Every structure is written in C-alpha cells, then in structure tokens.
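# Close look at the chain arrangement
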Amino acid sequence: MLVSAKEMLQKAREGKYAVGQFNINNLEWTKAVLLTAQEMKSPVILGVSEGAGKYMTGFGTVAAMVKAMIDELNITVPVALHLDHGTYDGCYKCIKAGFSSIMFDGSHYPIAENVEKTTELVHVAHQLGLSIEAEVGSIGGEEDGVVGMGECADPDECKQIADLGVDMLAAGIGNIHGKYPENWTGLSFETLAAVNEKVGDMPLVLHGGTGIPEDMIKKAISLGVAKINVNTECQLSFAAATREYIEAGKDQQGKGFDPRKLLAPGAEAIKATVREKIELFGSANKA
Ligand code: 13P
C-alpha cells in the first residue's frame, strides 16, 4: 500500500520506535526491501536520491516500478516512496511522478531561503497528500555528490522550520553519510535533546544510519527520532555477497552467470541487513 509517511511516523514517534528508510538503486533492491518489510509486518520508506533516480532512468520509472511491485507482490504493509535530499526542482519532479513523500534539503541555503522554499513545498505537498521532510544543519560525508560537513543543527532554526508544518525534520547531530571514521566523536545527544525539546512531537529523522552503534540508535529513538535512513550498509552487504559468489567461481558453474542467479546472494544479503535494522529500530509488527 503506497501511502504518505506522515501517519506511520507519527505512530512511530508515539510508540517510541523508528521506521527505516532504505535507499533503493534498482529492481533487486526494491524487491528485497519490500519483501522483507512485508515478512516482518513493518511499515517502510523507500528512499530515492536524485542520483539513484537518474540511474533508474527517471523518477517516473521508479514510481511506476514501485507501484507495480507493491501490487504484484501483494505488499499490504504501508510503504512510502520518498525523495531523499531533494533539490527544489527534484521535489517538483517527484510530485509529478507520483511519489508519496519528498525531502527538500535546503540546509545549504541561508535559513531565510530554506524557510521560503520549504514553505512553498509544504503547501504543494500537503495539497496533494504527500508528506514532506526538511533539513537543518547539514549531514556530514558525501552522498551522490551532495557533500555536507556534519555540523550540528541550531535548535531555534529547527523550530522555525518545524513550525512551517513539515511532517518530519532532519537535524544534523554529528551524523555522517557512509562509514564513520575511526575518530568520529559520536552523535551529539545534547543537540538532539535540545532540538526535541523545541519541536514538540515532530518526528525527527536520523540520516547516516550505517554503522551507528545500537546503543546510540536506541538513545536517539528515545529522544524523538522516528525515521532512520540506511543506504551504504545495504550496498556493502550486496557487494560482499556478490564478491563471495564470484570469487568462489559460482558464476562459472552451470548457469551461474544467469543474472537471476548471480544477483541472488546480493539480494539475500540486502534482506538480511534490512531485517536486522527493522528489528533494531523496533518497527516489526507495527504495520
Ligand atoms: P548511510 O549511507 O550512511 O546509511 O546514510 C543514508 C542516508 O542518510 C540517506 O539519506
């Protein structure tokens, strides 16, 4: 069932668990995430970056594939199709393509411009029944060419953006996209607690879910995080399983080169990672 992310995140925030956003790259990814969410009776968010959308030939292709797959696989758990780190133009493209949720990442604009653009997009998204995420304080690391330095968000600016009526808010708290470096100092729970206090019951979003230790994930959820984004970890699992298959020479045995066989271990590995995250985030049996 394709839905906006609003209700599933409000329920998560109230119930003190988080819904996973798993970024998709192709058919195998989408199928693996949808089947696992269904198996675990968990709501789920499919994240699509602008780069991944382009790779899949455009947001229209992505929306058509996701909708058809939900139907063909009889997926009954709530699924949101969400633009990840969207530009202003990207948001309009996804609205037109039939996404059920968008993220406008205006964190690199001066706050006044972030407010102005977010206000407009909140209005448009809500009129059409989509949910919308905004961001304050950039997320560190690099994702699809979007580079952030990982600064912590200003709680007053968070309140300013939250008051525009967004459905979820990503606040930088020292989190980074990709693997965390050895010298990473951890999440700033002081920032998270201050933001949480300012924004009332707004579902908060934790980007850079790959490699955050379990205790920090749990603490973040207790402080209002209701959506956690995971991308790199599924890519690493897929790559490791595929490498193992090829290094064992399995692609050269019988019809092992058939893409349906060659990509199967990777797809299973994505499922295992998604299963593990859904359990950790506490969203199993919440559909
Ligand atoms: P990771 O790649 O670190 O899991 O981050 C994903 C993310 O935050 C997508 O927006």
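The following refers to the structure shown. What you are looking at is a predicted structure, and each value in this text was computed from that prediction instead of being measured.

We note that N74 has phi near 50°; this positive angle belongs to a residue other than glycine. One can find N74 in the loop between helix 4 (59-72) and strand 3 (79-84). The class for N74 is exposed, based on a relative accessible area of 56%. In this model, H85 sits at a positive phi of 50°, which is unusual for a non-glycine residue. Accessibility expressed as a relative area gives 9% for H85, which makes it buried.

With that settled, the discussion passes to the pattern of salt bridges. Using the criterion set out here, one finds 10 salt bridges in the structure. The salt bridge partner of K117 is E113, with a shortest N-O separation of 2.8 Å. One end of the pair, K117, and the other, E113, are both in helix 6 (residues 111-127), four residues apart, so they sit about a helical turn from each other.

Quick look at the site of the ligand now. Taken together, the neighbourhood of the ligand is formed by 15 residues, with D84, G178, G208, T210 and T232 sitting nearest. A distance of 3.2 Å separates an oxygen atom of the ligand from a polar atom in the side chain of N229. Take N231: an N or O atom from its main chain is 2.8 Å from an oxygen atom of the ligand. Burial of the ligand by the surrounding chains reaches 99%, relative to a free accessible area of 310 Å². Its residues assigned to classes, the shell around the ligand shows two nonpolar, 11 polar and two charged.

One number sums up the size of the largest pocket: a volume of about 220 Å³. Lining the largest pocket are L27, E28, K31, A32, L35, P259, R260, L263, A264, A267, E268 and K271. Among the elements of the structure, helix 2 (27-39), helix 11 (259-262) and helix 12 (264-281) are those that each provide at least two residues to the lining of the largest pocket. Among the elements that make up the lining of the largest pocket, the one with the highest residue count is helix 2 (five residues). Partitioned by chemical class, the residues of the lining of the largest pocket number seven nonpolar, no polar and five charged.

With that settled, the discussion passes to the packing of helix 10 (residues 232-247) against helix 12. The interhelical angle for the contact between helix 10 and helix 12, taken along N-to-C directions, is 145°, at an axis separation of 8 Å. The handedness of the crossing between helix 10 and helix 12 is right-handed. Every residue of helix 12 that contacts helix 10 at E233, C234, S237, F238, A241, T242 and Y245 is listed here: P265, G266, A267, A269, I270, T273, V274, E276 and K277. Looking at the contact of helix 10 with helix 12 residue by residue, the class counts come to nine nonpolar, four polar and three charged.

Cut-offs used in this document
Residues numbered from 1 in each chain as written. Predicted model: local features only at pLDDT ≥ 70, side-chain atom pairs only at ≥ 80, totals over all residues. Heavy atoms only, no water. Helix = DSSP H or I, 4+ residues; strand = E, 2+ residues; numbered from the N terminus. Buried < 20%, exposed > 50% of the residue type's maximum accessible area, 1.4 Å probe, protein only. Salt bridge = Lys/Arg side-chain N within 4 Å of Asp/Glu carboxyl O. Near = heavy atom within 4 Å. Polar contact = N/O pair within 3.5 Å; in protein donor to acceptor, adjacent residues only side chain to side chain. Areas by Shrake-Rupley, 256 points an atom, 1.4 Å probe, with all protein chains shown as cover. Nonpolar A, V, L, I, M, F, W, Y, C, P; charged D, E, K, R; others polar. 1 Å grid on protein atoms, 1.4 Å probe; cavity = no way out; pocket = protein on both sides within 12 Å on 5 of 7 lines; lining within 4 Å. Points joined across faces, edges and corners; volume = space filled by probe spheres on them. Axes fitted to C-alpha atoms, helices over the stretch in contact; angles between N-to-C directions. Left-handed = near helix turned anticlockwise from the far one by under 90°. Contact = heavy atoms within 4.5 Å.

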